[in-house]
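Working through the structure, step by step
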Amino acid sequence: MPTPRYDTLIIGQGLAGSALAWQLIDAGQRVAVVDDGHLSSSSIVAAGLINPLAGLRFTRRPELDDWLAAATTWYAALAAAFGRDFYHPLPMLRLLRSAEQRRFYERRGQDPLSRPLLDEAFTAATCPEPLHAPFGGFIQRQTGFVDLPNLLDALRHWLRERATLIERTLRYDEIRLDDTGVELMGLRATRIVFCDGARLRDNPWFGGLPLMPEKGEILNVIVPDWPLRHIVNGAFWMVPQGDGEIRLGATHDHHRCDQQPTDAGQSTLLAGFAALRPDLPPPRVTQQVAGIRPGTRDRYPLIGHADDNAALWVFNGFGARGSLTIPWYAQCLAQHLVHARPLPAEADIGRFK
Ligand SMILES: Cc1cc2nc3c(=O)[nH]c(=O)nc-3n(C[C@H](O)[C@H](O)[C@H](O)COP(=O)(O)OP(=O)(O)OC[C@H]3O[C@@H](n4cnc5c(N)ncnc54)[C@H](O)[C@@H]3O)c2cc1C
């Protein structure tokens, strides 16, 4: 029997591998995806927040309009294809942490490009939710969250029907390279794209790239009688899940890179909750998860092929904002592979040479 021939083999069905598979299949490519059941997926634990002005300084990246447009288009296409919404727009309360941070907010308000993202400011006394917010804050627009577990599940079923989905771990020594491409697990392809998240560190071709993995933990808690109507974003964030359930996150740890939920993580998050709602007793915890954000030094992704082999590609490094940026960069990489359009310079791994 002849070996099945593909254009692209994708390793990893997190948000990055899923979005790339979608774009390539849409462009007419034959695609196979290998995934080990989200064994190390950060997408499956992430809160999926979309926050166009991230960080303490509310930085607006120059690529933001492209990111937002691609994300809006792709999540709408998924909603149409699967008959349900995965992206939930919701205004975000940005709680200021100091008088200095208020100045960053005021400066952001002077930028005409940022103004459409900013809604009214509030003081400690006029906060729209019953929160302890001594420095006040402001309401941010074009924010929301993506229901990543359900989105990945829907895409997994879709891949099973449309493409080849191999549900097991790929060992790097199973990959054979020759002049016409790659062969693994009895499949031949023109190229392989690693969308392997934080496991990139062990990748023999791309492990040397400057990935900065960061562990994060999240709790689900029950807070009866608080119909939270916003995403809250201060030192910690809260995302309403309905029926009194709230996702509460997240911790940041550069030193431990495992996926084990810890007592220390739970205590930190519950202390964060107590600081925001000192009037309430500690909430009941229903779930605790941990994962590793596949970040980079400059907070831009890692896209490109190996120096000595154009059949080996990486699509990774989406850090803490994959829900916002992955749809755009998946579109860019697909356009590059199919139509030889240039890769965005800020994401090209060539920037580290
Ligand atoms: C606590 C926490 C909170 C976060 N919150 C947010 C947020 O609010 N908003 C946001 O945008 N982002 C958030 N993120 C980051 C977000 O998760 C990432 O940006 C994004 O999901 C990365 O997706 P990925 O597909 O690159 O990696 P992953 O989701 O890690 O996917 C990699 C996949 O490849 C598989 N795999 C790897 N190697 C192999 C192999 N050899 N064989 C088979 N399968 C393999 C893995 O099991 C996994 O399924 C958060 C992350 C964490 C940990």
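Our structure's up above, just so we're on the same page.
Residues numbered from 1 in each chain as written. Predicted model: local features only at pLDDT ≥ 70, side-chain atom pairs only at ≥ 80, totals over all residues. Heavy atoms only, no water.

On to the site of the ligand, then. Lining the immediate surroundings of the ligand are 37 residues, of which Asp35, Asp36, Ser43, Leu49 and Gly319 lie closest. Between the ligand and Gly322, the relevant distance is 3.1 Å, taken from an oxygen atom to a main-chain nitrogen or oxygen of the residue. Among the secondary structure elements, those contributing two or more residues to the shell around the ligand are α1 (15–26), β13 (211–222), β17 (284–296) and α6 (322–339). Ranked by the residues each element gives to the shell around the ligand, the list is headed by β17, at three residues. Both of domain 1 (5–47 + 149–210 + 298–352) and domain 2 (89–144 + 212–296) provide at least three residues apiece to the shell around the ligand. (Near = heavy atom within 4 Å. Polar contact = N/O pair within 3.5 Å; in protein donor to acceptor, adjacent residues only side chain to side chain. Helix = DSSP H or I, 4+ residues; strand = E, 2+ residues; numbered from the N terminus. Domains from an automatic or database assignment.)

Let us look at the environment of Ala125. Mapped onto the secondary structure, Ala125 falls in the loop between β6 (118–122) and β7 (137–140). The exposed category is assigned to Ala125, whose relative accessible area is 77%. Along the chain, Ala125 and Phe135 lie 10 residues apart, while their C-alpha atoms are 9.9 Å from each other. (Buried < 20%, exposed > 50% of the residue type's maximum accessible area, 1.4 Å probe, protein only.)

This part is about the nonpolar core. Taken as a class, soluble globular proteins show a tendency for nonpolar side chains to be buried jointly. Within the largest apolar cluster, 57 residues are counted, with the highest numbers of intra-cluster contacts made by Tyr75, Leu151, Phe315, Tyr329 and Leu333. Within the residue set of this core, elements represented by two or more residues are α1, β2 (31–34), α2 (64–82), α3 (99–109), α4 (148–162), β19 (309–316) and α6. Among the elements that take part in this core, α6 stands out by supplying nine residues, more than any other. For this core, the domains that each give at least three residues are domain 1 (5–47 + 149–210 + 298–352) and domain 2 (89–144 + 212–296). Beyond its immediate sequence surroundings of up to four residues, Phe315 is in contact with Ala16, Leu20, Val193, Phe194, Cys195, Leu302, Ile303, Ile326, Tyr329, Ala330 and Leu333. Core analysis: the second largest hydrophobic core is formed by 24 residues, Val34, Leu184, Leu312 and Ile349 among them. (Core = buried A, V, L, I, M, F, W, Y, C linked by side-chain atoms within 4.5 Å. Contact = heavy atoms within 4.5 Å.)

Function cannot be read off these values alone, since they describe shape.
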